[in-house]
Amino acid sequence: MRFARYEKYRKPEIDFIDKIPSHWTEKKFRFIFTLGRGLGITKSDLVDNGIPCINYGEIHSKYGFEIVPEKQELKCVVEKYLEDSPAALLNNGDFVFADTSEDLEGAGNFAHLNSNIPTFAGYHTVIARPTGYDLSRFLAYFVDSSIYRSQIRKNVSGVKVFSITQNILKDSYLWLPPTEEQKKITDFLDYKTQHIDKL
């Protein structure tokens with residue numbers, strides 16, 4: 001399938017990208033998201049019933065890209081964490097990054113909460129909350145793209161385990177088209193993804 005090209009392109013600030021559409025804006029992650037940490041728990045703190053909780057292992061192996069607790073079988077934590085650790089409770093549209101990966105390919109793996117059900121970010125996770133930004137689903141598609149993920153992989157450190165720090169995320173770049181274009185791109189990708197899922 002071929003798509004029409006944009007009329008004008010320009011060189012972005014980052015070195016390893018040749019060009020972006022000239023009307024897209026360039027912003028660092030730190031200016032779009034606020035960052036936090038998931039719960040300081042271990043696997044032994046997880047239970048079968050309670051408040052759903054997404055941990056780094058599930059991000060890597062089961063529920064990458066999107067969390068929908070009403071459809072997915074997540075482990076839970078007890079309700080006391082609602083009072084004890086409210087900062088680790090996610091809002092609809094928040095992102096949860098696994099803060100370590102056993103291979104370079106998994107560096108930057110994340111899940112995006114698409115639900116209003118109270119859900120916690122669990123152990124070994126970094127929370128990224130979009131600030132004043134309506135189209136978090138566009139951000140999810142962008143953060144899942146190879147062009148974005150290459151920035152994370154270029155900057156992670158480690159040999160057997162790669163660490164994805166808040167500073168690595170903060171210094172990464174995103175390129176944003178105007179809002180209406182973001183919506184069109186998101187609707188198109190949602191349609192194509194649903195079509196592939198049905199097949």
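Scroll up a little and you will see the structure.
Residues numbered from 1 in each chain as written. Predicted model: local features only at pLDDT ≥ 70, side-chain atom pairs only at ≥ 80, totals over all residues. Heavy atoms only, no water.

Draft legend 1. Focus on helix 4 (residues 146-155). Listing the buried residues of helix 4 in full gives Y148, R149, Q151 and I152. Mapping the buried residues of helix 4 onto a view down its axis gives an arc of 145 degrees, with all of them on the same face. With respect to the buried face of helix 4, the exposed residues turned more than 90 degrees away are S146 and K154. Close packing links the buried residues of helix 4 with helix 3 (136-143), helix 5 (166-170) and strand 15 (173-176). (Buried < 20%, exposed > 50% of the residue type's maximum accessible area, 1.4 Å probe, protein only. Helix = DSSP H or I, 4+ residues; strand = E, 2+ residues; numbered from the N terminus. Arc of directions from axis to C-beta. Contact = heavy atoms within 4.5 Å.)

Draft legend 2. Structural detail: the nonpolar core. In this structure, F97 and L174 are the most contacted members of the largest nonpolar core, which totals 31 residues. Contributing elements (two or more residues each) for this core: strand 9 (95-98), strand 13 (125-130), helix 3, helix 4, helix 5 and strand 15. It is helix 3 that provides the largest number of residues to this core, a total of six residues. What L174 contacts, discounting residues up to four positions off in sequence, is T25, E26, K27, K28, F29, I32, L139, F142, V143 and Y148. With 22 residues, the next largest nonpolar core counts L39, I54, Y81 and I127 among its residues. (Core = buried A, V, L, I, M, F, W, Y, C linked by side-chain atoms within 4.5 Å.)

Draft legend 3. Structural view of the environment of F3. With respect to the element layout, F3 can be found in the segment before strand 1 (9-10). According to the relative accessible area criterion, F3 is exposed, its value standing at 54%. C-alpha separation for the pair F3 and G106, spaced 103 residues apart in sequence, amounts to 29 Å.

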